[in-house]
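# Breakdown of the fold
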Amino acid sequence: MAIISTHDKIFELQDGETLLEGLERTGHEVEYQCRSGYCGSCRLKIISGKVGYDDFPLAFITPGEILPCCCRVTEDITLDCRTKIHEPDLFDVDLFDKE
């Protein structure tokens, strides 16, 4: 089993548990909606280590980000769970601004 480290805890995933479930079990507050890689609400920054995906998620992630709902931890990882990554709100952007 892989060791998961965050800013304040270290734990192991249980058999059959997703990373998101492990984070919840250990008291981390991670936002989520779909739990299957579609929405991207649960994205976190990975500081070290590696994860993989059985099916690459549909939600947009940048290098250094993971989706704990659907990734597969392949080695010990360190996560930044303190910083929430926000997608830009397209309703705050005037797409027709002619400046």
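Each remark here, short or long, concerns the structure printed above.
Here's a quick rundown of the structure. (Residues numbered from 1 in each chain as written. Predicted model: local features only at pLDDT ≥ 70, side-chain atom pairs only at ≥ 80, totals over all residues. Heavy atoms only, no water.)

This part covers the overall build of the protein chain. Regarding its fold elements, the protein chain presents 1 helix and 7 strands. Of all 99 residues assigned to the protein chain, the portion counted as buried reaches 38%. Residue pairs in contact within the protein chain that sit at least 24 positions apart in sequence constitute 47% of those at least 6 positions apart. Of the accessible surface of the protein chain, which amounts to about 6,700 Å², a share of 50% is contributed by carbon and sulfur atoms. (Helix = DSSP H or I, 4+ residues; strand = E, 2+ residues; numbered from the N terminus. Buried < 20%, exposed > 50% of the residue type's maximum accessible area, 1.4 Å probe, protein only. Contact = heavy atoms within 4.5 Å. Areas by Shrake-Rupley, 256 points an atom, 1.4 Å probe, with all protein chains shown as cover.)

Bringing the packing of aromatic side chains into the picture now. The way to describe two aromatic rings as a pair is by their centre distance and the angle between their planes. By the definition in use, this model includes 1 aromatic pair. Taking the centre distance of 5.6 Å and the plane angle of 70° together, the rings of Tyr53 and Phe56 count as edge-to-face. For Tyr53, a relative accessible area of 17% gives the class buried. Take Phe56: its relative accessible area is 62%, and that puts it in the exposed class. (Phe/Tyr/Trp six-rings, centres within 6.5 Å; stacked < 30°, edge-to-face > 60°.)

The next subject is the nonpolar core. One finds Ile4, Leu19, Leu23, Ile66 and Leu79 to be the most contacted residues of the largest nonpolar core, which totals 22 residues. At the level of secondary structure, the elements contributing two or more residues to this core comprise α1 (19-25), β3 (44-48), β6 (71-73) and β7 (77-80). Of all the elements, α1 adds the most residues to this core, at 3 residues. (Core = buried A, V, L, I, M, F, W, Y, C linked by side-chain atoms within 4.5 Å.)

Glancing now at the side chain of Asp80. Among the secondary structure elements, Asp80 is positioned in strand β7. Owing to a relative accessible area of 15%, Asp80 belongs among the buried residues under this scheme. Setting aside residues up to four positions removed in sequence, Asp80 forms contacts with Leu44, Lys45 and Ile47.

With that out of the way, let us pick up the side chain of His28. Tracing the chain through its elements places His28 in the loop between α1 and β3. Taking the relative accessible area as the measure of exposure, His28 reaches 7% and is therefore buried. Here Thr6 takes part through its side chain, which lies 2.8 Å from a polar atom of the side chain of His28. Not counting residues up to four positions away in its chain, the partners in contact with His28 are Thr6, Asp8, Lys9, Phe11, Leu23 and Cys81. (Polar contact = N/O pair within 3.5 Å; in protein donor to acceptor, adjacent residues only side chain to side chain.)

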